[in-house]
Amino acid sequence: MAQKMLMELTTGVFDRAKIKIDEVVYEIKSREDLGLKQDAEFRGVMAEFADAQPKNDWQRMAELLDRMVRFVVIGIPDDVLAKLSDAKKLKIIEVFTKEVTDSRAQTSETAAA
């Protein structure tokens, strides 16, 4: 009787999602990039951002938003980050969190199959 495959993992190079800003392609981090520490740090910054919103602490929110985008977009130059509107930065974070959530769901489905 054949054994049921419980999980299939790779340790090699993986494809990251990409975004394009002013015709330059940047990779965004994936679930594979996040260790426990990085995941906890990012969640902490997101929580700080959420805490600053009801206080209308715009300066703190802008600092945290920049920090999140720097974390997510690999190699984004300072001048490019500075030119992005807050709405575009929020969209980048939205894309990242969706990508990480989707990859976690796929991992869970693979493990459960």
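All figures in this text were calculated on a predicted structure; none of them were measured in a lab.

Colleague: Would you mind going over the layout of surface pockets with me for this structure?
Modeller: Here the idea is plain: a probe the size of a water molecule rolls over the atoms and shows the empty space left. Taken as a whole, the second largest pocket spans an internal volume of roughly 170 Å³. What lines the second largest pocket is simply I19, K20, I21, D22, V80, K83, L84, K88, K91 and I92. Mapped onto the lining of the second largest pocket, the elements with two or more residues apiece are β1 (18-21), α3 (78-83) and α4 (86-112). Across the lining of the second largest pocket, the residue classes break down as five nonpolar, no polar and five charged.

Colleague: Please explain a nonpolar patch on the surface as it appears in this structure.
Modeller: A grouping of L6, M7 and L9 is seen on the molecular surface, where their side chains present a nonpolar patch of about 350 Å² in accessible area. Topologically, L6 is positioned in the segment before β1.

Colleague: Quick question: what am I supposed to make of the packing of helix α1 (residues 36-52) against helix α2 (residues 58-72) here?
Modeller: Angle between the axes and distance between the axes: these two values describe a pair of packed helices. Where α1 contacts α2, the two axes come as close as 9 Å, and the packing angle between them is 155 degrees. By the criterion of interaxial angle, the relationship of α1 to α2 is roughly antiparallel. Remark: the crossing between α1 and α2 carries left-handed chirality. Contacts from Q38, F42, V45, M46, E48, F49 and A52 in α1 reach R60, M61, L64, L65, R67, M68, F71 and V72 in α2. The class makeup of the residues in the contact of α1 with α2 is 11 nonpolar, one polar and three charged.

Reading the values: the criteria
Residues numbered from 1 in each chain as written. Predicted model: local features only at pLDDT ≥ 70, side-chain atom pairs only at ≥ 80, totals over all residues. Heavy atoms only, no water. 1 Å grid on protein atoms, 1.4 Å probe; cavity = no way out; pocket = protein on both sides within 12 Å on 5 of 7 lines; lining within 4 Å. Points joined across faces, edges and corners; volume = space filled by probe spheres on them. Helix = DSSP H or I, 4+ residues; strand = E, 2+ residues; numbered from the N terminus. Nonpolar A, V, L, I, M, F, W, Y, C, P; charged D, E, K, R; others polar. Patch = residues over 30% accessible without salt bridge, like charges linked within 9 Å, V, L, I, M, F, W, Y side chains within 5 Å. Areas by Shrake-Rupley, 256 points an atom, 1.4 Å probe, with all protein chains shown as cover. Salt bridge = Lys/Arg side-chain N within 4 Å of Asp/Glu carboxyl O. Axes fitted to C-alpha atoms, helices over the stretch in contact; angles between N-to-C directions. Parallel < 35°, antiparallel > 145°, perpendicular 65-115°, else oblique. Left-handed = near helix turned anticlockwise from the far one by under 90°. Contact = heavy atoms within 4.5 Å.

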